Amino acid sequence: MKITKPLNLGLVALAGLAFACGGGEKSSETTSTPEPVAAAPAPAQEISLEDKYKDDPIYIKGLEKIKGSDCMSCHMVERKIVGPSYADVAAKYESTDENITKLATKVIEGGVGVWGEVPMTPHPGLSLDDAKDMVAYVLLLKK
Ligand code: HEC
């Protein structure tokens, strides 16, 4: 008891000091609690496609395979880099078995001309099944 009280007083004094140092400009806001300083980026108004689909088994399986390949060096989910964004690809094609097979074949063989003059490199080491899982993930990413 004899120890805690002076300690508390000391803390109050310290807090007062800190306040005195920081004060000055905002005298009208003296009672407001301090805002957390840029703790985390504010949640976007729209939820990201990653968040929207992250629990879908197609998403999980496809992303895992995509991470094991080089797709990410040319594709991002919502931004065009070398290749179109996955969201743009998803907006263009319905997620049918036919489209998935067609696009998976293109991923394996490479190709150019649908999105521009930059070619996608071939991926001959991919099995059709793996490529289809990747494409199913891509076509899931609809807004
Ligand atoms: C060297 C860069 C590069 C890499 C690596 C790459 N892509 Fe692409 N991708 C492209 C480009 C460029 C296009 C656009 C091709 C076109 O215009 O026809 C494209 C197009 C696509 C398309 C749409 C095809 C169409 O006809 O609409 C899909 C799906 C795709 N990529 C998936 C993948 C996957 C999955 C991987 C990983 C296995 C991958 N890409 C790796 C550059 C790349």
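Remember, it's a predicted structure, so these values are computed and weren't measured experimentally.

What about the packing of helix H3 (residues 57-67) against helix H6 (residues 128-140)?
So, point 1. At a closest axis distance of 8 Å, the pairing of H3 and H6 adopts a crossing angle of 120 degrees. Comparing their axes, H6 and H3 come out oblique. Note on packing geometry: the crossing formed by H3 with H6 is left-handed. Note on element contacts: H6 touches H3 through Asp130, Asp133, Met134, Ala136, Tyr137, Val138 and Leu140, opposite Ile58, Tyr59, Lys61, Gly62, Leu63, Lys65 and Ile66.
So, point 2. By residue class, the composition of the contact of H3 with H6 is nine nonpolar, one polar and four charged.

Section: the coordination of the iron atom of the ligand
So, point 1. Protein ligation of the iron atom of the ligand involves His75 (NE2) and Met120 (SD), the donor distances falling in the range 2.0 to 2.1 Å.
So, point 2. Note that the iron atom of the ligand binds six donor atoms; their angles at the metal cover 87 to 179 degrees, and the shape is octahedral. Of the two residues, His75 is situated in the loop between H3 and helix H4 (86-92) and Met120 in the loop between helix H5 (97-109) and H6; the sequence distance between them amounts to 45 residues.
So, point 3. Owing to a relative accessible area of 24%, Met120 belongs among the partly exposed residues under this scheme.

About the criteria used
Residues numbered from 1 in each chain as written. Predicted model: local features only at pLDDT ≥ 70, side-chain atom pairs only at ≥ 80, totals over all residues. Heavy atoms only, no water. Axes fitted to C-alpha atoms, helices over the stretch in contact; angles between N-to-C directions. Helix = DSSP H or I, 4+ residues; strand = E, 2+ residues; numbered from the N terminus. Parallel < 35°, antiparallel > 145°, perpendicular 65-115°, else oblique. Left-handed = near helix turned anticlockwise from the far one by under 90°. Contact = heavy atoms within 4.5 Å. Nonpolar A, V, L, I, M, F, W, Y, C, P; charged D, E, K, R; others polar. Donors = N, O, S within 2.8 Å, 3.2 Å for Na, K, Ca; no water. Tetrahedral: all angles 85-135°; square planar, octahedral: opposite > 155°, others 65-115°. Buried < 20%, exposed > 50% of the residue type's maximum accessible area, 1.4 Å probe, protein only.

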